[in-house]
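# Examination of the molecular architecture
These are the residues of each chain, in order.
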Amino acid sequence: AVVSTQSTGGLEKLQAKSHFLKSKRFAKDATEEQIFCTVPSKIHFNSYKIGETYEQKLKIKNVSTTSRQLKVLPPRTKHFTISKSSGVGEKGAVAPGLSVEYTVTFLPESLGLHQDQLQVIPQGGGITTVPLIGERPPPQLSLPDTLDCGYCLVNGTLKTQFRCKNTGGHGIFQLYPQGVVPEEFLFNDLDPPKFTFEDSGFTVTPTSFSLNTGDEVVIDVEFKHSEVKRSNTKFTLAADNCTFQDYSLTAESQSCNVQIIAVSGGDGTVDYDIRRAESPEQVTINFEDQNPGTTEEKIFIIRNCVDVPLHYHWEICKILSEEEKKESALLSEDANAPFKITPAIGILDPASEASFNIYCNPRNAGKYDNVARLWVDDIPTLLPSGLVLEKYDALRISLTHLTQPHQIKLDPPALVIPGENVIGNMATRTVRIINESLSDTNVKWSCPDGDIKFCVHPETLTVGAGSSRTVQIDIESSTAGDKEAHLTCSLENVDKPLKLFVKTKFRGPRVTIVGEKEDPAIDFGFIHFRPGCSAQRQFEIVNQDGVHAKWSIAEVDHCIDKDYGQSEFQFSETEGEIGPYETRQLHVMFKPHVPRSLKSFLQCSVENGTGNKMRVVAEIQEPNVVLKQSFIDLGVIYVGVPVHNEIVFESLNFADSNFNIGKAEGSDRKFGYIEFEETEGTIYAGGVYSLPFNFTGRESAQIEDFTLPISVAGGKVLAVGFKAEVRGLHIIHETPDVDQIAPDTGIEEITPPVLDFGTTDILTPTSRVLKIINKSHIATSFSLRVVNFEGAASAPPPLTARGLPNLSQQLFRSNTNLLTRSSSLMDSLNKNKKQGDQEYWRSQLSHDKGACFVASPASGYLPGNGVTIVTVHANTDMWGEYNDMLISKVGDLDPVEIPIKLNATNTPLYYKLSNNSRPTVRFGSYPLQEQPVSRTVHIGNQGPEPIRLDWETYNIVPNDKTVVDINFFIGDAFPDKSGESKQSGVREPLIRLGVSPHEGERSTGPFAFSPDQCVIPARGSSKVTLTFDPRYGVGKCGGDYHSYALAYQSLIDNNNTELCTREEGEKVPPLKIMMTGKVEVPEVVVTAEEHGFTFKLMAGIINPRVKEHTKVHKLSLLNGSKLHLQFDMRASLPFTLLDSKTEYTLNPRQKIKLGHGLVLSEKLLGALLGSSRQHFCLQFDKTAGKYIEADEGAVEVDVEEQLLHKSHEVSAADGTVETVVQQVPEKRYHLHSHLLLNYRNGHQQRIPVHSRIVLPTFYISPQAVEFGTCLVGQVSHLTVRLINPSNSPIRWTSTFSGDTSDGEFSISPSSGEFTHADSVLLNITFTAKTCNPSTGTYAFTGSPGNRTLHLSLSGVGSHDERMQRLL
């Protein structure tokens, strides 16, 4: 403000003395109102704390045109101080346009209002005042002055929440009982205590809190009282700005009280109403008498006399008898009571009336006396052991009823129809149903299934109370016999139906065969059997009843001769229809097919009726002679040698018979003849007669069609067949196994002989046996010759070269085992046996065919009925499948060709090593990067063909799980690298597939052959160079190589024929050689301390405040070798090394410690959550600064999803506590990577590291909330619990979706955060706007992980004031 001068004489003089030096040009300035201006014009501190110092700058600017001196008066209080900074010239003058800067310091001692001022006094000008103010914006709370908590039951607990929102400035508040506020403000933000008002029963929490602008806090008020009364109390809320506000708390505790106020009948008739009359002491509801299955309804009204909702349920109990009262005074629930009250369970709204329906629906007859008990649940009761929730017997209603059984009967109770009813006729009867019950009854008839049919008219009907109905029953049967059945009369609401017993009898028509005697029979007498003989008789059939009947006549089945297959009787008529009481004549003819005594029966059958049987007799005979043996097998006979045998006759009846021998018949009669002592004679009755004969063969043949006719009495011809094998010279060749050689057993060969040597190794002699058997008595000679692969030398093989004992001189006869021994074979006496064998076979194979076969002996003598054993020897010096023929010439018989087969395997190649059975080249151990080492391997060829080798090397990998190798070959798998083309006689497929057992992996090192393709000349040798290169590295074998090489064999000129076929290339087992060598690579020993190489983290630690978190583990590196190791160490994000140094040098036995860790960040979580695959790879893109998903990367991620079974306790409506188990999904991410140690020698050491990141989860219980029917405009409250089952932090928010036009839902709190395993109780409110149903859904989203839960809400409004609820 500018101070103005007053126009007084003394003052003007005083001023004139002061201004006498002023120039006139400054007169205008002297009259200006302001010389200095301040920036800011007011110093205001609006945010501060006690004990801290705050500063602001104050600039004072000279806005005049001349330099002026300046004086600033300091503040008067101790809270404000001022200090000059800069800008003042000489003698304190401030030049025009310049400013001087001051620092104003504020040191508050309280959070209340602080006021002061600064006075700026310029030279020749007015005083400027700068206000100094320390004042925070005062908080403004939305808490009402009176907090009405509502109502609760005595000893119950009422919990009420009040939301307090700060619409003003920041404030810290402390709650105190009224009158106990301390002088100094105390605020405990760590553990705020609870204030309990013991007299009034209130407990308030929290007692201290801090609120910023817009924040709100929930004040929980708990009320509990042991008496019926209304409680009031007050408390003071102190703010940190030294302001105080008083608030009132009020609540009321009540005792449980309900009463029945009205009972009315089902038609609206009111039995009594307490609102118009006095209520009786005991309410009794009587139901009128009725039958089982009927229903009667009554309505009664109950009033809730307290302002608290009461959970209730009804129980129908039986009244105890005097004996039962002695045993127990408690009423027990009656499960068989006919009474039912709806609703049976629910909530009585505060201070309102509820209507109930009670039904009486008895199922059985009897008198029912029951008591309906209304139980109110969860009533707090104070016991000596503590406070418990019990159910309270609030109301009892007596229920009485008498049920009378149905009185229904049938007249008559049973139908017995006398006499017999013929099939096809219908019998009709009537039955009356009488109903003597109190109510109408529905009746339904059901008939049984079977050959008797019933028809009831009507089938369903209703019989009124006190009346009767008549039904008609028709009975019919399709079969004859006594019939009994029960018809079922089912009655509604009657468990046991009525049964109507029906009994009657039905029969069919009767047709019989009429005879003349007491024992009627048809007698054909004696019949002399001859071809075409027959006899005929006449008989009658009679219909005994007055209905038409269908009849048939035939011989009884079991009397028909089964061998003949058909009846011997022929009838003039076999079937037909006969009229009532009709008689019909029939004829029967008998034609026997064999002589015998006939005893049979003829049967007359009637359709659905009764017939009879007639006996038939006859005697048929003829002379009968038979052969004991109609075919005689003479076996093997020889030409010109007679064989003696006999023919046997037998007479089977009492007549003699003559016989006569005829001439032989058949196509084979020319090969032999038969001679008898007599050609005719007599066979006497009942006897056996033998006729001897001699049979002689004319020439070698197989006699099968040779028949001799013999004529007997009656023109009968008996035929005797003969079979024989007439032999001449007979030779059999057999090729048994060696261990099956035995004397001749007489069994001839079954299969053609084949000398099959099977599969054998080359250069290994083998033998097979040829058995030549003479089946005749003729002695002869034999000779053997090999067609193609005959041995080059003519000398027989030595004993040791045969492969079998000397069987060639063993001689077997059919009946004796006589063995003759030949002279000893020629062996070289100046050489040992092994050398002699080798020289022998070398000479035999010198024709370079690859194989030879030698028979020993090649010729000899074959006695009659004798056996000669020939040993056939074989040997090869080249693989292949060989086919040849052995020609056997015996006597003057045609030569016999015996096929020879041999499959030679293995190779003629061999290594010239000390151990050729398992050739192995051992190189020993060499350090990494050592120069290659070579060995020379000599290979010899004992075969007649040059062989080309193609080398391939393989490494045996430890723990290799591969079972087989599948190889594809295209064209020539191993072509000649010299450029010469090979012509093969066999056209191979272009693409071939090969499967072989897996032994190792194909490799390019460290072993190599030079040259990789070479030719081993026939019966010569060659050499190859094998190199071991340590520079190849350790590979998959860890440096310890156990390898092998395969040399695939190909032929230079392979012409396959039918005689010899040789495979090559991949089809021939390759030549194999083992190789061992070791590459030693020194490595550091990496060990983990404490937690190892696996990091375990919770994803919830990342939040808006914590963007990144690093978990650290320790590891140690030890150089256990004798070398200096130089390497650099690297890790792939999110795995990291904490040391900035990446290159290390370790001396022998030196050990260092390092720290490595896992960086969990928002970027990593975003990449993990952004993938939908179960397995993927991550890679950190340094350019984009984020993680990207790739098919291959430095970090592999496996996603694990599992269900957790979590349980929590829930209070049931009856006061019990139930344990609810809920499945909660949990997702885990497993990260796998390696720490890489790259050595200077190029070797890389990989240390696996892992991480497990667990996403937080949560769940809600229950998942649906139903508010039921609520009063329109009233706010209803329910609660749900949100649970975090894990120790991981998680943040959550909620959003609402639904239509709010008919009702509005709200939730508190709507968001929050869990820092550990915990739960929060959510308050759900519903305010109905209309009477229409309202639904909605709250979606809860958790972060990180974005797991979403849904809470379904429903409610309906009503204008009925009975729906009003206690808040």
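Structure's up top.
Structure report, in brief. These figures come from a predicted structure and were not determined experimentally.

### Observations concerning the sheet that holds strand β10 (residues 146-153)
Strand order in the open sheet made by the 5 strands is β10-β18-β17-β12-β15, with mixed pairing throughout. Strands at the two margins of the open sheet, each flanked by one partner only, are β10 and β15 (208-211). Strand-to-strand twist in this sheet, taken as the mean axis angle between neighbours without regard to direction, amounts to 25°. Of the pairings in the sheet, the one linking strand β12 (residues 171-177) to β15 comprises 4 bridges and is antiparallel in character. Bridge pairing links glutamine 174 to serine 208 in β15.

### Focus on the side chain of serine 1161
Structurally, serine 1161 is set in strand β86 (residues 1151-1161). Excluding anything up to four places from it in sequence, serine 1161 contacts Ile1102, Lys1107, Glu1108 and Tyr1187.

### Notes on the sheet that holds strand β56 (residues 716-727)
Strand order in the open sheet formed by 5 strands is β49-β56-β55-β51-β53, and the pairing between neighbours is mixed. With partners counted over all chains shown, the strands left at the sheet margins are β49 (631-638) and β53 (680-683), one partner each. Each strand of the sheet is rotated relative to its neighbour by a mean of 25°, with strand direction disregarded. The sheet contact formed by β49 and β56 spans 7 bridges and is parallel. Looking at β56, one finds that tyrosine 638 is bridged to arginine 727.

### Focus: the side chain of histidine 79
Of note, histidine 79 is situated in the loop between β4 (68-73) and β5 (80-86). Those residues in contact with histidine 79, other than ones at most four positions away along the chain, are Thr105, Phe106, Leu107, Glu109 and His114.

### Describing unusual backbone geometry
Of note, the bond from threonine 205 into proline 206 is cis; its omega dihedral lies within 30 degrees of zero at 0°. In this structure, proline 206 sits in the loop between β14 (202-205) and β15. The omega torsion across serine 856 and proline 857 is -5°, close enough to zero to call that bond cis. As for its placement among the helices and strands, proline 857 is situated in the loop between β62 (851-856) and β63 (859-862). Positive phi values are uncommon outside glycine, yet aspartate 378 reaches one of about 60°. Tracing the backbone shows aspartate 378 in strand β27 (residues 366-383). Look at aspartate 378 and you get partly exposed, because its relative accessible area is 24%.

What counts and how
Residues numbered from 1 in each chain as written. Predicted model: local features only at pLDDT ≥ 70, side-chain atom pairs only at ≥ 80, totals over all residues. Heavy atoms only, no water. Pairing = 2+ DSSP bridges. Helix = DSSP H or I, 4+ residues; strand = E, 2+ residues; numbered from the N terminus. Axes fitted to C-alpha atoms, helices over the stretch in contact; angles between N-to-C directions. Contact = heavy atoms within 4.5 Å. Buried < 20%, exposed > 50% of the residue type's maximum accessible area, 1.4 Å probe, protein only.

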